[in-house]
Amino acid sequence: MIQESPAYFKENIKQISEDENLRRIVRKATSLTLSKRSDLVTEYYSEGKDWEALRNQAHEIRKKTIDNLDTYLTDLEDHFERNGIEVKHAINASEACSFVLRILKEHNTRLVVKSKSMVTEEIHLNDKMIEAGIEVVETDLGEYIIQLAGETPSHITAPAMHKSRDDIGKLFSEKLGVPFTNDPAELTAYARRFLREKFLKADVGISGANFLIAETGTVVIIENEGNARLSTTLPKLHIVITGIEKVVPTLEETATLLKLLPVSATGQKATSYVSFINSPAKVKEDARPGKIIVILLDNGRKEILRRQEVREALYCIKCGACMNVCPVYQTVSGHAYGSVYPGPIGSILTPFLTTLKESKDLAYGSSLCGACSEICPVKIDIHNALLWIRSYAVQKKYTPFIERMLFKLWRIAMENIFVYNFGRSLLKFLQPLWSDYKDFPPLAEKSFHQLWKEGEIWNKNS
Amino acid sequence: MEQELLNKFATELIRVGGEFSLASSKIEILKIVNKILSQKGCNTAVLSSHPFFDSLKEMGKGESGINIFTIEQILSLAGESDYTNLLREKLSQTDAGINYAEYLIAETGSAVVVNTQSEPSYLSLLPEISIIVSKSNRVVKDMSEALNRLRTENLFDSSGCITFITGPSRTADIEKVLITGVHGPKKLYVIVINF
Amino acid sequence: MNIDLFIPCIVDQFFPQVGINTYKILKKVGCNVDYPFEQTCCGQPAFNTGYRKDAEYLAKKFINIFSKSDYVIAPSGSCVSMVKIFYDRLELPSDYQSKLAELKGKIFELSEFLVDILKISDVGAKFSGKITYHESCHLLRKLKIARQPRILINNVKGVEFVELNESDRCCGFGGTFSVKFPELSTVLTSDKIKNIEESGAQYVVANDSSCLMNVEGVLRRKGSNIRTMHIADLLASGI
Ligand code: SF4
């Protein structure tokens with residue numbers, strides 16, 4: 001059993017490392033997305049444009065925004081208000097959930113349609129709404145699959161990446177009572193039919209947001225399926241739940257991020273739909289929700305903001321590229337992390353959304369190859385943040401006692417060349433660390449130090 | 001320059017699975033629309049009430065036996081009853097929706113649709129076929145130019161919701177296999193009139 | 001040209017011939033080579049595991065030893081990147097910081113030094129065999145060294161060079177990572193080995209002994225005939 005908690009990361013990894021099927025599906029999906037992405041980047045250069053410069057620009061935009069977050073949030077709120085969009089601030093998950101529940105109750109809600117939102121996963125909103133007797137339907141195909149299966153997303157942009165078409169075929173026939181098929185087109189058609197009905201009956205639509213434009217008071221939602229458009233136009237009430245870091249100062253700057261996000265996320269120049277939602281319907285002829293409420297969630301984000309060393313994690317535009325490119329993610333998929341946000345960026349965010357104590361292993365579950373920092377469209381130094389979290393865990397004494405002792409000994413050995421040379425024989429103790437899986441090399445008969453001292457090297461080679 | 005942008009737009013649109021046609025006059029737009037509708041075996045279509053279509057509303061009707069309603073007609077049909085419901089119902093049953101795009105974006109092959117009372121969001125979303133019409137002098141370079149123009153022409157702040165549409169509705173959530181028409185239109189046609 | 005060798009601790013203890021060959025190559029191309037004897041480790045294992053205080057201590061020691069060198073050359077991308085890039089993350093006193101700033105301009109990985117500083121693309125080595133090349137992560141992504149080793153390998157007489165599929169994918173070592181997550185690390189290494197096998201090469205060359213030790217560890221366990229080879233060992237063949 002894979003445990004839904006980062007505290008079980010190591011156990012989960014051990015188990016999943018054996019799952020060759022899963023590995024095959026995930027590697028295939030991630031490689032495909034990566035190759036589409038890199039084709040577009042190559043094309044971008046071939047058109048005389050500079051992808052790297054675009055990334056730098058995006059990094060600067062995000063840096064400026066996060067460094068002055070409060071200012072832009074105030075600006076955003078003013079413009080939301082002008083546009084007739086209600087704003088609420090939620091400090092943590094439970095506050096956000098109770099806001100939503102209260103609103104739903106006020107509106108006598110029976111059916112909620114949701115378009116993909118990681119923030120609602122983060123606060124476990126669905127469980128709360130279902131407990132309150134409300135029917136909740138996820139409408140993004142991937143999310144719908146996951147909901148039917150009673151699972152959590154394994155990837156932030158492709159929630160059902162870990163499922164094969166056979167898995168999904170079986171799931172649909174079991175849960176929807178349709179004849180078994182593993183044809184993606186037929187399966188999609190079933191989903192369309194079932195979900196269209198729900199859309200037309202829904203009382204409330206809940207969505208996340210990709211960007212919140214401060215200067216215009218706009219909610220920007222990016223998607224391919226059209227389910228977000230349906231969820232945010234058909235019901236009478238639209239609730240947006242999103243993190244405070246999603247704010248972007250200007251329209252112009254949003255355009256820059258809009259160029260980077262789909263290329264990095266799915267290898268598309270643009271997604272099928274980008275919605276810029278400015279205000280609720282003013283008259284019935286608008287045929288859109290008459291009310292829009294935006295809930296801005298903190299839930300640990302301000303804590304990240306306070307820590308200079310990891311602050312960049314808030315630059316994240318949730319493209320998922322760092323997951324696709326991560327050899328660890330490719331091998332173990334998202335559930336192993338036991339966190340809503342898996343992969344490299346997840347390993348930085350999770351300690352602040354939960355506790356460092358239970359999620360400290362995540363930061364160690366990286367070979368520090370740096371592929372994530374290299375691909376990140378907003379140039380977050382993920383590598384550096386992971387290293388810092390490790391040092392923070394050490395500072396808090398969350399690392400194993402034996403490890404701390406070993407490093408004490410190691411330091412003593414390294415401090416002094418005589419102890420160092422004497423301590424050579426102790427290295428043999430390293431052997432068992434690997435021996436279940438790999439052959440540890442034998443120590444050289446004489447170290448370079450010894451050979452040098454004995455004159456072996458310069459005598460022979462001069 | 002305009003030609004270059006238009007070519008680029010067409011290339012990108014086709015790349016994302018959209019279809020492109022050029023019309024030399026408003027009458028020709030109708031012809032193309034009719035051709036698409038009859039090819040696809042459509043019986044009904046709903047036309048936006050954007051002023052661009054004013055002169056077209058009455059023309060060409062009956063030519064192919066296709067019923068074309070306008071948003072205005074649906075609105076007057078609703079009378080005192082629930083307009084939104086009627087609109088949903090009509091658009092769910094109709095085969096095609098015809099929209100006007102304020103801009104076309106060359107770099108990405110996108111159409112910029114400003115959702116208003118005369119062309120609500122459902123129009124480009126509920127029917128299985130989406131037909132979008134625009135003018136050749138409305139092609140802009142990229143998204144940032146589109147957003148800038150929307151602002152300077154006072155379309156951004158005045159509209160409740162603007163949508164950039166790039167190709168048909170799509171998903172790749174099942175083993176990354178691309179399927180179109182998951183929730184929105186299966187087919188997207190863009191007709192550009194030379195202006 | 002006066003050069004001080006920096007021989008990383010893994011090389012020192014397990015693969016001294018890599019150090020010897022580095023010495024040989026640099027001698028061959030006409031450098032004066034010395035080896036500051038008090039050196040131990042750059043501090044990377046501690047730094048990467050989160051033990052920054054210990055890493056700081058070793059960084060200071062390292063800076064003291066090498067700050068007077070004209071050039072510092074190491075047969076490792078990982079350890080050079082530790083000094084060049086990651087020392088900045090440590091809390092070093094300001095006098096050390098200024099020495100570090102200078103040191104960063106003088107420390108080079110072997111292949112980079114040969115090709116970019118000495119402008120040598122052929123060291124005159126001879127070796128017969130089919131060779132492929134694995135890019136060590138820090139060498140590639142932190143130091144941006146990819147072109148130089150290929151130039152040098154391609155100029156070794158008798159070598160048949162083939163590119164490795166996914167050459168830039170991590171071999172799964174990651175130091176403390178391979179100790180904390182041995183099964184996962186081994187899956188990654190096996191992926192690497194699959195690519196190496198498919199390349200048809202008899203030898204896989206890299207610039208870091210740590211990656212090679214890891215890959216070799218699984219190759220041996222599998223009983224494979226493919227061998228790993230440090231670039232210094234290749235470049236010193238026949239000279
Ligand atoms: S950290 Fe960067 S690469 Fe990873 S999801 Fe966020 S924006 Fe994308």
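These numbers come from a predicted model, not from an experiment.

A. Highlighting the side chain of D191 of chain C. With respect to the helices and strands, the residue D191 of chain C is situated in helix α11 (residues 182-199). In contact with D191 of chain C, not counting residues within four places along its chain, are R27 of chain A together with R169 of chain C.

B. Focus on the interface of chain B and chain A. With 54 residues of chain B at the interface, the matching set in chain A holds 65 residues. Together chain B and chain A conceal approximately 5,300 Å² of surface at their shared face, both sides included; 55% is due to carbon and sulfur atoms. In terms of surface lost to chain A, no three residues of chain B exceed I174, K176 and H183 of chain B, which account for 15% of the buried area on that side. Where chain B meets chain A, there are nine salt bridges. Among the ionic pairs, E128 of chain B bridges to R192 of chain A, the shortest N-O distance being 3.7 Å. Taken together, chain B and chain A are joined by 37 residue pairs in polar contact (both at pLDDT 80 or more). Of all the secondary structure elements, the ones that give two or more residues to the side of chain B that touches chain A are α1 (2-15), α4 (83-93), β6 (110-115), α5 (143-152), β9 (161-165) and β10 (170-171) of chain B.

C. Here's a closer look at the nonpolar core. Among the nonpolar cores identified, the biggest contains 233 residues, and I239, F276 and I295 of chain A, L150 and F164 of chain B together with L26 and Y87 of chain C are the most heavily contacted of them. Filtering out sequence-adjacent residues up to four positions away, F276 of chain A remains in contact with I213, T218, V219, V220 and L258 of chain A together with L147, F156, G160, C161, I162 and F164 of chain B. If you look at the next biggest cluster of nonpolar residues, it comprises 36 residues, including V113, Y144 and L195 of chain A together with Y122 of chain B.

D. Spatial organisation of helix α17 (residues 356-364) of chain A. Where burial is concerned, most of α17 of chain A is hidden: seven out of the nine residues are buried. On its buried face, α17 of chain A sits against α1 (9-16), α16 (343-353), α19 (382-395) and α20 (401-415) of chain A together with α3 (44-49) and α10 (176-180) of chain C.

E. View of the arrangement of the chains. The protein chains that touch form two pairs of chains, and the pair with the most contacts between them is chains A and C. Across all C-alpha pairs, the smallest distance from chain B to chain C is 21 Å, and the two are not in contact.

F. Main features of the sheet that holds strand β6 (residues 218-223) of chain A. One open sheet holds the eight strands; their spatial order is β8(A)-β5(A)-β6(A)-β9(A)-β9(B)-β6(B)-β5(B)-β8(B), and the pairing between them is mixed. Every interior strand has two partners, whereas the edge strands, β8 (247-248) of chain A together with β8 (139-140) of chain B, have only one. Sheet analysis places strand β9 (residues 273-277) of chain A next to β9 of chain B, joined by five bridges and oriented antiparallel. When the sheet's bridge partners are listed, Y273 of chain A is paired in β9 of chain B with I165 of chain B.

G. Molecular detail of the packing of α16 of chain A against α19 of chain A. All names here are of chain A. At a minimum axis distance of 9 Å, the contact between α16 and α19 shows a crossing angle of 40°. Taken together, α16 and α19 sit at an angle that is classed as oblique. Regarding α16 and α19, the two cross each other, and that crossing is left-handed. For the pair α16 and α19, contact is made by P344, S347, I348, P351 and F352 and by I382, A385, L386, W388 and I389, respectively. When its residues are assigned to classes, the contact of α16 with α19 shows nine nonpolar, one polar and no charged.

H. Structural context of the pattern of salt bridges. Counted according to the given criterion, the structure contains 59 salt bridges over all chains. As a salt-bridge pair, D157 of chain B and R151 of chain B come within 3.9 Å of each other at their nearest N and O atoms. Between K53 of chain C and E56 of chain C there is a salt bridge; the shortest N-O distance is 3.1 Å. Of the two residues, K53 of chain C and E56 of chain C both sit in helix α4 (residues 52-66), three residues apart, roughly one turn of that helix. A residue is classified by how much of its surface remains accessible, and K53 of chain C, at 55% relative accessible area, is exposed. Note on E56 of chain C: relative accessible area 9%, which makes it buried.

I. Expanded view of the domain arrangement of chain A. Per the domain assignment, the segments making up chain A are domain 1 (1-49 + 309-399), domain 2 (65-299) and domain 3 (401-461). Computed from C-alpha atoms alone, the centre-to-centre distance between domain 1 of chain A and domain 3 of chain A is 33 Å.

J. Structural context of the packing of aromatic side chains. Scanning the entire structure with this criterion turns up 31 aromatic pairs over all chains. Ring geometry for W452 of chain A against Y23 of chain C: centres 5.6 Å apart, planes inclined by 80°, an arrangement best described as edge-to-face. With W452 of chain A in helix α23 (residues 448-453) and Y23 of chain C in helix α2 (residues 16-28), this pair bridges two chains. Pair check on accessibility: W452 of chain A and Y23 of chain C agree, each one buried. Through a chain of ring-to-ring contacts, the aromatic side chains of F9, Y329 and Y337 of chain A together with F177 and F181 of chain C assemble into a single cluster.

K. Examining the interface of chain A and chain C more closely. Contact residues are listed per partner, giving 68 residues for chain A and 68 residues for chain C. When the two sides are added together, the surface that chain A and chain C hide from each other amounts to roughly 6,100 Å², 63% of it contributed by carbon and sulfur. The tally of links between chain A and chain C comes to seven salt bridges. Residues D381 of chain A and R89 of chain C are paired through a salt bridge, measuring 3.7 Å at the closest nitrogen-oxygen approach. Joining chain A to chain C, the criterion identifies 26 residue pairs in polar contact (both at pLDDT 80 or more). Looking at the side of chain A that touches chain C residue by residue, the classes come out as 32 nonpolar, 18 polar and 18 charged.

L. Quick look at the site of the ligand. In the region of the ligand, the neighbouring residues are C316, I317, K318, C319, G320, C322, I345, C376, P377, I380 and I382 of chain A. Taken together, the residues of the shell around the ligand break down into nine nonpolar, one polar and one charged.

M. Region of interest: the state of the cysteines. Counted under the stated rule, the structure contains zero disulfides over all chains. C41 of chain C forms no disulfide, and the closest cysteine sulfur to it belongs to C9 of chain C, at a distance of 3.7 Å.

N. Focus on the confidence of the model for chain B. Residue and element names in this part refer to chain B. Of the residues in chain B, 96% reach a pLDDT of 70 or more, and the chain-wide mean stands at 91. The weakest mean pLDDT in chain B belongs to strand β3 (residues 67-70) at 85; the strongest belongs to strand β5 (residues 103-105) at 98. Scored as a whole, the predicted complex attains pTM 0.95, and scored at its interfaces, ipTM 0.96.

O. Just the sheet that holds strand β1 (residues 19-23) of chain B, in detail. Residue and element names in this part refer to chain B. Taken in spatial order, the six strands make up an open sheet running β1-β12-β7-β4-β2-β3, and their pairing is parallel. The sheet is open, and its two borders are formed by β1 and β3, each paired with just one other strand. Recorded for the sheet is a direction-independent mean angle of 20° between the axes of neighbouring strands. Of the strands in this sheet, β1, β2 (44-47), β3, β4 (96-100), β7 (129-135) and β12 (187-193) touch helix α2 (residues 26-39), which is tilted by about 165° from β12.

P. Geometry of the side chain of T228 of chain C. Residues and elements named next belong to chain C. With respect to the element layout, T228 can be found in strand β8 (residues 227-230). For T228, a relative accessible area of 18% puts it in the buried group. A polar contact of 2.4 Å, which involves the side chain of T228, links it to the side chain of E216. Leave out the neighbours within four places in its chain, and T228 touches V204, L212, V215, E216 and L219.

Thresholds, definitions, all that
- Residues numbered from 1 in each chain as written.
- Chains lettered and ligands numbered in written order.
- Predicted model: local features only at pLDDT ≥ 70, side-chain atom pairs only at ≥ 80, totals over all residues.
- Heavy atoms only, no water.
- Helix = DSSP H or I, 4+ residues; strand = E, 2+ residues; numbered from the N terminus.
- Contact = heavy atoms within 4.5 Å.
- Buried area = accessible area lost by both parts, 1.4 Å probe.
- Salt bridge = Lys/Arg side-chain N within 4 Å of Asp/Glu carboxyl O.
- Polar contact = N/O pair within 3.5 Å; in protein donor to acceptor, adjacent residues only side chain to side chain.
- Core = buried A, V, L, I, M, F, W, Y, C linked by side-chain atoms within 4.5 Å.
- Buried < 20%, exposed > 50% of the residue type's maximum accessible area, 1.4 Å probe, protein only.
- Pairing = 2+ DSSP bridges.
- Axes fitted to C-alpha atoms, helices over the stretch in contact; angles between N-to-C directions.
- Parallel < 35°, antiparallel > 145°, perpendicular 65-115°, else oblique.
- Left-handed = near helix turned anticlockwise from the far one by under 90°.
- Nonpolar A, V, L, I, M, F, W, Y, C, P; charged D, E, K, R; others polar.
- Domains from an automatic or database assignment.
- Phe/Tyr/Trp six-rings, centres within 6.5 Å; stacked < 30°, edge-to-face > 60°.
- Near = heavy atom within 4 Å.
- Disulfide = S-S within 2.5 Å.
- pLDDT = per-residue confidence, 0-100.

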